[in-house]
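The chain contents come next:
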Amino acid sequence: MTMVRSHQTNRISRSVAVGTVTILVGIVLAIVFALQPWRTCPEDDVPAGCAALPQDVLGMMLGVFIILGGAAVLLVGSLRRRKDV
């Protein structure tokens, strides 16, 4: 019985770690697309002040969806961990 519980605990800890890393990747992706460091626009000297193109908005939305997916994995892992303890 101890071996089964240990395996479940490892799987839960892995899901918490995966959820956390996924959230961090989504945050970085959303921030990079919000700041747009690769863009230049003649009327503003700060790239973040340029109007967002559809690709930029798509990248930010992808980052937000990745954050939400990571939050869901993290929440499920946390609830399972709480249930096992």
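Basis of the calculations
Residues numbered from 1 in each chain as written. Predicted model: local features only at pLDDT ≥ 70, side-chain atom pairs only at ≥ 80, totals over all residues. Heavy atoms only, no water. Helix = DSSP H or I, 4+ residues; strand = E, 2+ residues; numbered from the N terminus. Buried < 20%, exposed > 50% of the residue type's maximum accessible area, 1.4 Å probe, protein only. Contact = heavy atoms within 4.5 Å. Areas by Shrake-Rupley, 256 points an atom, 1.4 Å probe, with all protein chains shown as cover. Phe/Tyr/Trp six-rings, centres within 6.5 Å; stacked < 30°, edge-to-face > 60°. Patch = residues over 30% accessible without salt bridge, like charges linked within 9 Å, V, L, I, M, F, W, Y side chains within 5 Å. Salt bridge = Lys/Arg side-chain N within 4 Å of Asp/Glu carboxyl O.

**A word on the overall build of the protein chain**
Counting its secondary structure elements, the protein chain contains two helices and zero strands. Looking at the 85 residues of the protein chain, the share that counts as buried comes to 19%. For the protein chain, the proportion of contacts with a sequence separation of at least 24, taken over those separated by at least 6, is 63%. Taken as a whole, the protein chain presents about 6,300 Å² of accessible surface, with 72% of it coming from carbon and sulfur.

**Quick word on the packing of aromatic side chains**
Two descriptors summarise a pair of aromatic rings, namely the distance from one centre to the other and the angle between the planes of the rings. Going through the model one piece at a time under the given rule, you end up with one aromatic pair. Taking the centre distance of 5.3 Å and the plane angle of 75 degrees together, the rings of Phe33 and Trp38 count as edge-to-face. A relative accessible area of 45% means that Trp38 is categorised as partly exposed.

**Let's talk about a nonpolar patch on the surface**
Together, Val57, Met61, Val64, Phe65 and Leu68 make up an exposed nonpolar region whose accessible area comes to about 460 Å². For Phe65, the position within the fold is in helix H2 (residues 54-84). For Phe65, a relative accessible area of 53% gives the class exposed.

**Here we look at the environment of Ile23**
With respect to the secondary-structure elements, Ile23 resides in helix H1 (residues 2-35). Relative accessible area serves as the criterion here: at 18%, Ile23 is assigned to the buried category. Ile23 sits 49 residues away from Ala72 along the chain, and the two C-alpha atoms are 9.7 Å apart. Not counting chain neighbours up to four residues away, the residues in contact with Ile23 comprise Ile67, Gly70, Ala71 and Leu74.

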